[in-house]
Amino acid sequence: MNMRYIQDVLENNIHISMDKLYIELTNRCNLKCIHCYNESNSGLCVDLPLETVIELLDYVKESHLTSVALSGGEALLYPHIKEVLEKCKELELDVMLLTNGTYTDSDTYLDILLKYLPDIQVSLDGPDFESNDKIRGTQSFQRTVAFIKKLKVLNYPKRITVNTVLTEHTILIYHNMIELCQQLGIDEITYSFVTMAGRAKKNITPIQEDLLYSVVKDINSNIKVNPENKCQGVGINHICSLTTVENNVIKLQPKVTCKGDVYPCQMHQKPEYIIGNVLKDSLKSVLNGKDSRRFIILMFLRKYFMQECKKCLFGSLCGRGCMAKAVNDYNNPFATDGCCKFYKELILSTIKHDYLQ
């Protein structure tokens, strides 16, 4: 165990910065998706104060980053969305705006998009109304597809991507989703795992591991065979970027919620992993504060307390996967994240590429 590393973290000899920022502007939403990890549209509306968002954007620029992700809830329902996009434009920040795309009945939102031209990520969780609307609500499929088509008719010049969450309702028809996105002219489609928190914890049955493995393997394999389908697959990596130190710097990928709470990455949801609050302190102070440093030490120590990994032949080569997924799925930071089959295959592939060619 490298005690020097722990000492460096505690004594501030290692600086903590960020390489991405994900801002949840509001919990307002016009949908009530059954797999929503933060239970948007469940009660009292909460909006991150505009002055706080402006401070965050200024810090993004100060940190020499070039982009920011804006979400909700539904980002377009944030009362100050125009001011936020105007500030991003002023700072020359690229924006990834996450939306459910159900605003075909109002030109107001289209006017905002056409003026500020963010990249758009649309959430669509099925290739037809039957599969999608079970998850996202009645007529959501029809409205979202109409939204995408309208943007295409208007020759929207920035990237339009689709994210699909793999659930029991969609996992066996994933290929139909790729075909639909090709028909719609989508620039990219990505698949993601369910974050087992919020409403998902109550409504979603975890997919059996062998089935998930076979489908994800097929999705990722087809990318190499059919690059024209624009599918970016499912992101799988046994090494968490939050554990990587370069030039005495660790870069987190923080998420700021509409309540101002800061998590070390987008995946974390449980309150015990909050590392600060931007309504009380600056994001820079939060990232280098005591709670942030305790989190970094936990990430480092985690691999020494994972019992399942001690008997694994790949243990010395594996980065132990995603702690946030282990916490969300199994309520245990020292559990594996359920993706060991993927990691073993990745490690074997790396060994073959690096040493056996």
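One can find the structure itself at the top, above this paragraph.
The rules behind these values
- Throughout this document, residue positions are counted from 1 along each chain, in the order its sequence is written.
- The model is predicted, so local features are restricted to residues of pLDDT at least 70 and side-chain atom pairs to those at 80 or more, both for listing and for counting; the totals for chains, interfaces and linings are taken over all residues.
- Hydrogens and water molecules were not included; the side-chain quantities draw on all heavy atoms of the structure.
- Secondary structure counts use DSSP, requiring at least four H or I residues in a row for a helix and at least two E residues in a row for a strand, with both numbered from the N terminus.
- Within these notes, the globule rule equals 2.2 Å times the number of residues to the 0.38 power, and the radius of gyration is based on C-alpha atoms.
- Categorising residues by exposure relies on relative accessible area from a 1.4 Å probe, with only protein chains included: less than 20% of the type maximum marks a residue as buried, more than 50% marks it as exposed, and the intermediate range marks it as partly exposed.
- Any pair of Phe, Tyr and Trp rings, taking the six-membered ring for Trp, is counted once the centres come within 6.5 Å. Such a pair is stacked with planes under 30 degrees apart, edge-to-face with planes over 60 apart, and tilted for the rest.
- By the criterion adopted, a ring carries a charge over it if an Arg CZ or a Lys NZ lies within 6 Å of its centre and within 35 degrees of its normal.
- An axis is simply a line fitted to the C-alpha atoms; with a helix, the fit covers only the stretch in contact. Between two such axes, the angle follows the N-to-C directions and lies from 0 to 180 degrees.
- Between 65 and 115 degrees an angle is taken as roughly perpendicular, under 35 as roughly parallel, over 145 as roughly antiparallel, and anywhere else as oblique.
- Throughout, a contact is declared for two residues whenever any of their heavy atoms are within 4.5 Å.
- Following DSSP output, two strands are said to pair if at least two bridges run between them.
- The rule for a salt bridge is simple: a side-chain nitrogen of Lys or Arg has to be within 4 Å of a carboxyl oxygen of Asp or Glu.
- The criterion is simple. A nonpolar core is a set of buried Ala, Val, Leu, Ile, Met, Phe, Trp, Tyr and Cys residues joined through side-chain atoms within 4.5 Å.
- Helix span, expected: 1.5 Å multiplied by one less than the number of residues in the helix.
- To be clear, the arc concerns the directions from the helix axis to the C-beta atoms.

Asks: What's the story with the overall build of the protein in this structure? I'm lost.
Replies: A tally of helices and strands in the protein yields 14 helices and 13 strands. Taken against the 2.2 N^0.38 rule, which gives 21 Å for 357 residues, the C-alpha radius of gyration of the protein at 21 Å falls within 12% of a compact globule. Its C-alpha atoms give the protein principal-axis dimensions of roughly 60 × 45 × 40 Å. Within the span of the protein, comprising 357 residues, buried residues form 51% of the whole.

Asks: What is the right way to look at the packing of aromatic side chains in this model?
Replies: For any two aromatic rings, the description comes down to two numbers: the centre-to-centre distance and the angle of the planes. Throughout the structure, instances matching the rule amount to three aromatic pairs. The interplanar angle of 65 degrees and the centroid separation of 5.9 Å between the aromatic rings of F300 and Y304 together place this pair among those described as edge-to-face. The exposure class of F300 is buried, given its relative accessible area of 14%. Across the ring face of Y263, the terminal group of K255 is positioned such that the distance to the ring centre comes to 4.9 Å. It is K325 that lies over the ring of F193; its NZ or CZ is 5.1 Å from the centre.

Asks: Would you explain the packing of helix α3 (residues 81–90) against helix α4 (residues 107–116) in this entry?
Replies: For any two helices packed against each other, the geometry comes down to the angle between their axes and how far apart the axes lie. The geometry of α3 relative to α4 is characterised by a closest axis approach of 10 Å and an angle of 10 degrees between their N-to-C directions. Taken together, the axis directions place α3 and α4 in an arrangement best described as roughly parallel. Facing I81, K82, L85, E86 and K89 of α3, the residues of α4 in contact are I112, K115 and Y116.

Asks: I tried to follow the sheet that holds strand β10 (residues 249–252) on my own but got confused; where do I start?
Replies: Sheets are built from strands paired through backbone hydrogen bonds, the pairs being either parallel or antiparallel. Taken together, the three strands give an open sheet; going across it, the order is β1-β10-β9, and neighbouring strands pair in mixed fashion. Unpaired on one side and paired on the other, β1 (15–18) and β9 (245–246) mark the two borders of the sheet. Where β9 and β10 come together, two bridges link them in antiparallel fashion. Along β10, the bridge assignment pairs E246 with V249. Strand contacts of helix α11 (residues 290–302): β1 and β10, with the helix running at about 95 degrees to β1, the strand carrying the most contacts.

Asks: I tried to follow the pattern of salt bridges on my own but got confused; where do I start?
Replies: Two side chains of opposite charge can pair, provided their charged atoms sit close to one another. Tallied over the entire structure, the rule returns 12 salt bridges. Salt-bridge contacts for R28 lead to D47; the nearest nitrogen and oxygen are separated by 2.8 Å. You can see R28 sitting in the loop between β2 (22–24) and α2 (50–62) and its partner D47 sitting in the loop between β2 and α2, a full 19 residues away along the chain. With a relative accessible area of 25%, D47 lands in the partly exposed category. Between K284 and E62 there is a salt bridge, with the nearest N and O atoms lying 3.9 Å from each other. With K284 in helix α10 (residues 283–287) and E62 in helix α2, the pair connects residues that are 222 residues apart, well separated along the chain.

Asks: Honestly, helix α13 (residues 323–330) in this entry has me stumped. Any pointers?
Replies: An α-helix turns once every 3.6 residues. As a result, residues three or four positions apart point the same way. The buried fraction of α13 is high, at six of eight residues. On its buried side, α13 packs onto β7 (188–193), α8 (199–203) and α11. Just downstream of α13, N331 is the residue with a positive phi angle, here 55 degrees.

Asks: What is the right way to look at the side chain of T336 in this model?
Replies: Residue position: T336 is located in the loop between α13 and α14 (340–355). Residue T336 is classed as buried on the basis of its relative accessible area of 11%. Excluding its chain neighbours within four sequence positions, the residues that come into contact with T336 are M306, E308, C309, A326 and Y330.

Asks: I would appreciate a short explanation of the nonpolar core in the present structure.
Replies: Taken as a class, soluble globular proteins show a tendency for nonpolar side chains to be buried jointly. L21, I23, L57, V162, Y191 and L283 are the most contacted members of the largest nonpolar core, which totals 93 residues. At six residues, the largest contribution of residues to this core is made by helix α7 (residues 174–184).

Asks: Looking at this model, I keep getting lost on helix α6 (residues 140–153). Mind explaining?
Replies: Between its first and last C-alpha, α6 extends 20 Å over 14 residues, near the 20 Å set by a 1.5 Å rise per residue. Within the sequence span of α6, burial applies to S140, F141, T144, V145, F147, I148 and L151. All buried residues of α6 fall inside an arc of 150 degrees around its axis, so they share one side. The exposed set on the far side of α6, more than 90 degrees from its buried face, consists of Q142 and V153. Of the surrounding secondary structure, the elements contacted by the buried residues of α6 are β4 (94–99), α4, β5 (119–123), α5 (129–136), β6 (160–166) and α7. A positive backbone phi angle near 55 degrees is found at N155, which sits one or two residues after α6.

Asks: Which parts of the structure should I look at to understand the environment of L70?
Replies: Structurally, the position occupied by L70 is in strand β3 (residues 67–71). Taking C-alpha positions, L70 is 9.9 Å from I120, a pair spaced 50 residues apart along the chain. The residues touching L70, leaving out its near neighbours within four places in the chain, are I23, L25, A75, V84, L85, V95, M96, L97 and L98.

Scope: geometric values only; no functional claims are made or implied.
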